[in-house]
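What follows is the residue order along each chain.
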Amino acid sequence: MKKTLILLISLFILFGICSCQNKSGKTVVLVTDESGLKDGYYNQLTYNGLKKAASEYGFNLVVETAKSASDYDSVLKAAVELTPDLIVISNPDMESEAVAYAKNYASLNFVFVECNGDLNLDGYQDSNNIYSIRFDQSEEGFLSGIAAASIATDHVAFVGTNEFNTYIEYESGFRAGVKTINPNTTVDVTYIKESDDMQSVHDQVSQMIQNGVQAIYTLNENEGLYQAAQDYGIPVIIADYNYKDKLKNGSKSIVFVVDKKIDQAVYLVVSDYFNGLYKGQIKKFAYSDECLSYEVLNHSTINSNTESTLNAWVTQLKNNAFSVPATRAAFNSFVPPQLPAQE
């Protein structure tokens, strides 16, 4: 009798746990690349957002992880065969394979992290069952421009990677932020391939600094840039905290970052689904969604006065008090906003 009672209690507890974990009767599948759930960025943050949503909405969370890039097709196939309510693709490197599956399984709902699902670059998603999570890169650039112009009096630089629209959003926002603080500050705009020789990039950036650049905002991961800045004691502002973790040389030059809160954005998308608000779209998450945040990495360069200025502008962004230009044409007509008067 005692053994039977223990068995019944165990089954009751197990049933209770299972029913609690999947009280909605729905399933969400996360598909990751070969970096796994502890990659420190895309996969891990997406997983964190899904776990938060699962605890609130009670769905079954399944993870399919590729063993290598050649395994992307098989993990996507495994995901669609489960016919889940949502399939979340956490790494943009899987975009091309994921788009093919989204097109072939139009009855399933897909969420893409940090990619549009627009392989033919016509400005539209290739399948209307894709919810693409993007971030307001012009807002990221704007706050970085505020920081740069607050620590450099005369001359700053933007260093991109490819002169595509996505990089121009950062560039335009950055130039707007600099102009807002000091319209007389010179802004150099340069695009350098990440694949270029490290020494060549070091030499290019060194020449920029010798020509008067006092701070650099970059989306480029080439270590020559950071090493040159470190050699000359020039502060670097980055657009993605993940860059810092990858660097072997020059990371001490980084003083400030505006980062994407991928976990929060994923949580919001899943919440939309469970609240009946899900639809295929490209959504840019911003400060008003609590999906962007900044971090000061060097408090002697970014001092308390600069932080107060940054916080004031964050409040304006959260309140949608003005529009940040996302194109060069929009920047050309941009009129810098004013902070409200302190009472």
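Reading the values: rules and limits
- Residue numbers restart at each chain and count upward from 1, following the sequence in its written direction.
- This being a predicted model, a pLDDT of at least 70 is required before a residue's local features are given, and a value of 80 or more before pairs of side-chain atoms are given or counted; all residues contribute to the totals for chains, interfaces and linings.
- To get the side-chain values, take all heavy atoms of the structure and skip hydrogens and water.
- As used in this record, nonpolar core signifies buried Ala, Val, Leu, Ile, Met, Phe, Trp, Tyr and Cys residues forming a set joined through side-chain atoms within 4.5 Å.
- Note on exposure labels: buried denotes an accessible area under 20% of the residue type's maximum, exposed denotes more than 50%, and partly exposed covers the range between, all computed with a 1.4 Å probe on protein chains only.
- Helix and strand labels come from DSSP, where a helix needs a run of H or I of at least four residues and a strand needs a run of E of at least two; each type is numbered from the N terminus.
- Contact between two residues is taken to exist if any of their heavy atoms lie within 4.5 Å; hydrogens are not considered.
- Between rings of Phe, Tyr and Trp, where Trp is taken as its six-membered ring, a pair exists when centres lie within 6.5 Å; planes separated by under 30 degrees are stacked, by over 60 edge-to-face, and by other angles tilted.
- To sit over a ring, a charge needs its Lys NZ or Arg CZ within 6 Å of the ring centre and within 35 degrees of the ring normal.
- Two strands make a pair as long as DSSP finds a minimum of two bridges between them.
- Fitting a line to C-alpha atoms yields each axis, with helices limited to the stretch in contact; the angle taken between N-to-C directions then spans 0 to 180 degrees.
- Counted as a polar contact is a pair of N or O atoms within 3.5 Å, where, for protein atoms, one must be capable of donating a hydrogen and the other of accepting one, and residues adjacent in sequence contribute only when both atoms are in side chains.

With 82 residues, the main nonpolar core has Ile133, Phe142, Leu143, Ile216, Phe256 and Tyr294 as its most contacted residues. Ranked by the residues each element gives to this core, the list is headed by helix α10 (residues 262-274), at 7 residues. Not counting the four nearest positions on each side in its chain, Ile133 is found in contact with Val111, Phe112, Val113, Glu114, Cys115, Ala265, Val266, Val269, Lys283 and Phe285. In this structure, Leu76, Ile87, Leu108 and Cys115 belong to the second largest nonpolar core, which totals 20 residues.

So, about the packing of aromatic side chains. Within the structure shown, the criterion is met by 16 aromatic pairs. Here Tyr57 and Phe274 contribute two aromatic rings whose centre-to-centre distance is 5.0 Å and whose plane-to-plane angle is 15°, an arrangement assigned as stacked. Here Phe274 lies in helix α10 and Tyr57 lies in helix α2 (residues 42-57), a separation of 217 residues in the sequence. Here the aromatic rings of Phe158 and Tyr191 are separated by 5.8 Å at their centres, their planes lie at 65°, and the arrangement is edge-to-face. Placement of Phe158 in strand β6 (residues 155-160) and of Tyr191 in strand β7 (residues 186-191) is noted, with a sequence separation of 33 residues between them. Here Phe158 falls in the buried class, since its relative accessible area comes to 0%. The cationic tip of Lys283 hangs over the ring face of Phe285; the distance from NZ or CZ to the ring centre is 4.4 Å.

Right, let's get into the sheet that holds strand β10 (residues 254-260). Read from one edge of the open sheet, 6 strands run β7-β6-β8-β9-β10-β12, paired in mixed fashion. Edge strands, defined here as strands with exactly one partner in the open sheet, are β7 and β12 (292-296). With direction set aside, neighbouring strand axes in the sheet form an average angle of 15°. As defined by bridge partners, β10 adjoins β12 across 5 bridges and the pair is classed as antiparallel.

Tracing the chain through its elements places Asp259 in strand β10. A distance of 3.2 Å separates polar atoms of two side chains, one belonging to Asp259 and the other to Tyr41. In contact with Asp259, other than residues within four places in its own chain, are Tyr41, Asp240, Tyr241, Cys291, Leu292 and Ser293.

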